[in-house]
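Below, each chain spelled out in residue letters.
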Amino acid sequence: MNTTDSRSQDTPLIAGRWLLWTAAVFAAAAALLLIGGGYEAGFFAINDAARVVSDGELSRLTQLGDSLTALSLFLLFAWRYPRALWLAVLGALIATALSHGIKPIAHLARPPAVLDLDLFRHLGPLWKRDSFPSGHTVTAFVVAGALACELRVTGRVLLLGAALLVGLSRVAAGVHWPVDVFAGAALGLVSVRLGGLLAQRWHWGLRPFGHRLLVLALAGCAIADFIRTPSYPEAQVVTRLIAVAGLALSFFHYIVQPRLQARAHGARAAAQPH
């Protein structure tokens, strides 16, 4: 199987307008929370409801929104969805610029900075600044949105639902407000849409050389994620499993399989009568 077929090389993945409509729903949810209850609205309800989830489970879920872990995770799908990889890369660049531009301007405090720690569940590092928007949520929705563009409605709903769970885990861990999460979801999806428009004009990541360089970069992220201790140490087993699985799949599809195919082709050519 070719890692980048002719369709992948010639036709960028279309990031449909459904991304904008879905982003509008999340943006509206954030606005309603702000209007109805202020910036902290919904925090205690979600944080308290999530107490049924163990610290280990919550750590593993919220770690999936970490940028390095998300890049490592995408290595599992890069060989199957090369167009989604290029879309995700462009979307991630846009999302990073927007998110890191908004955070210092908004300059909003996180729950540990304004609430007594005895009043809510907190897990992981004691972050206090730059709450809006949630970076983990932005990352989760860029990855989910890019992959969802390859799927039908049911697959899209499942992927976005999983991304929303990652986002809500930030509230459950006590490091973000619900408004941060819904805004992050909207920002992530809008970034994918903008990345899709850019991909229509710039095809570098769809060509074999560009695609393999991107995969090599993802492999580097997977190695780094395997070596480091994540922000949520209880998630380390999962991050290492993701890294190993991604590296193994990539090694097979980009190195082993082409050699096997070349050998089989040579054997067939040699067997043909001259």
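Residues numbered from 1 in each chain as written. Predicted model: local features only at pLDDT ≥ 70, side-chain atom pairs only at ≥ 80, totals over all residues. Heavy atoms only, no water.

Looking at the overall build of the protein chain
- Looking only at helices and strands, the protein chain has 12 helices and zero strands in total.
- Moving toward the C terminus, one meets the helices and strands of the protein chain in the order α-α-α-α-α-α-α-α-α-α-α-α.
- The C-alpha atoms of the protein chain give a radius of gyration of 21 Å, which matches the 19 Å a tight globule of 274 residues would have.
- Expressed as lengths along the three principal axes of its C-alpha atoms, the size of the protein chain is roughly 85 × 35 × 30 Å.
- By the burial criterion, 45% of the 274 residues in the protein chain qualify as buried. (Helix = DSSP H or I, 4+ residues; strand = E, 2+ residues; numbered from the N terminus. Rg over C-alpha atoms; globule rule 2.2 N^0.38 Å. Buried < 20%, exposed > 50% of the residue type's maximum accessible area, 1.4 Å probe, protein only.)

Points about unusual backbone geometry
- P133 follows F132 through a cis peptide bond whose omega is -5°.
- A positive phi angle is found at H107, which is not glycine, with a value near 50°.
- Its location among the elements puts H107 in the loop between α6 (82-106) and α7 (111-114).
- When its relative accessible area of 55% is taken as the criterion, H107 is described as exposed.
- Notably, D130 is not glycine yet its phi reads approximately 55°, a positive angle.
- Within the secondary structure layout, D130 lies in the loop between α7 and α8 (135-148).

Some details on the packing of aromatic side chains
- Within the structure shown, the criterion is met by nine aromatic pairs.
- Ring geometry for F74 against F77: centres 6.5 Å apart, planes inclined by 80°, an arrangement best described as edge-to-face.
- You can call F77 partly exposed: its relative accessible area is 31%.
- Aromatic ring contacts, followed pair by pair, group Y39, F43, F44, F120 and W177 into a single cluster. (Phe/Tyr/Trp six-rings, centres within 6.5 Å; stacked < 30°, edge-to-face > 60°.)

Observations concerning the pattern of salt bridges
- Across all of its chains, the model carries five salt bridges by this definition.
- D48 serves as the salt-bridge partner of R51, at 3.5 Å between the closest nitrogen and oxygen.
- Classification of R51 as partly exposed rests on a relative accessible area of 45%.
- For D48, a relative accessible area of 40% gives the class partly exposed. (Salt bridge = Lys/Arg side-chain N within 4 Å of Asp/Glu carboxyl O.)

Considering a nonpolar patch on the surface
- The grouping of L198, W202, W204, F209, L213 and L216 at the surface amounts to a nonpolar patch, some 620 Å² of accessible area in total.
- When residues of the nonpolar patch are assigned to their parent elements, the largest contribution, three residues, is made by helix α11 (residues 208-227).
- Looking at the secondary structure, you find L213 in helix α11. (Patch = residues over 30% accessible without salt bridge, like charges linked within 9 Å, V, L, I, M, F, W, Y side chains within 5 Å. Areas by Shrake-Rupley, 256 points an atom, 1.4 Å probe, with all protein chains shown as cover.)

Here we look at the packing of α6 against α8
- Following both chains from N to C, one finds α6 and α8 inclined at 155°, their axes separated by 9 Å at the closest point. As far as their axial angle goes, α8 and α6 are roughly antiparallel. Crossing of α6 against α8: the hand is right-handed. Contacts from A84, L87, A88, G91, A92, A95 and K103 in α6 reach G135, V138, V142, A146 and L147 in α8.
- Looking at the contact of α6 with α8, its residues break down into nine nonpolar, two polar and one charged. (Axes fitted to C-alpha atoms, helices over the stretch in contact; angles between N-to-C directions. Parallel < 35°, antiparallel > 145°, perpendicular 65-115°, else oblique. Left-handed = near helix turned anticlockwise from the far one by under 90°. Contact = heavy atoms within 4.5 Å. Nonpolar A, V, L, I, M, F, W, Y, C, P; charged D, E, K, R; others polar.)

Some details on the environment of R17
- Mapping R17 onto the fold places it in the loop between α1 (6-10) and α2 (18-37).
- R17 sits in the exposed class, given a relative accessible area of 62%.

Comments concerning the environment of L197
- The residue L197 is located in helix α10 (residues 178-201) in this model.
- Residues L197 and L61, spaced 136 residues apart in sequence, show a C-alpha to C-alpha distance of 31 Å.

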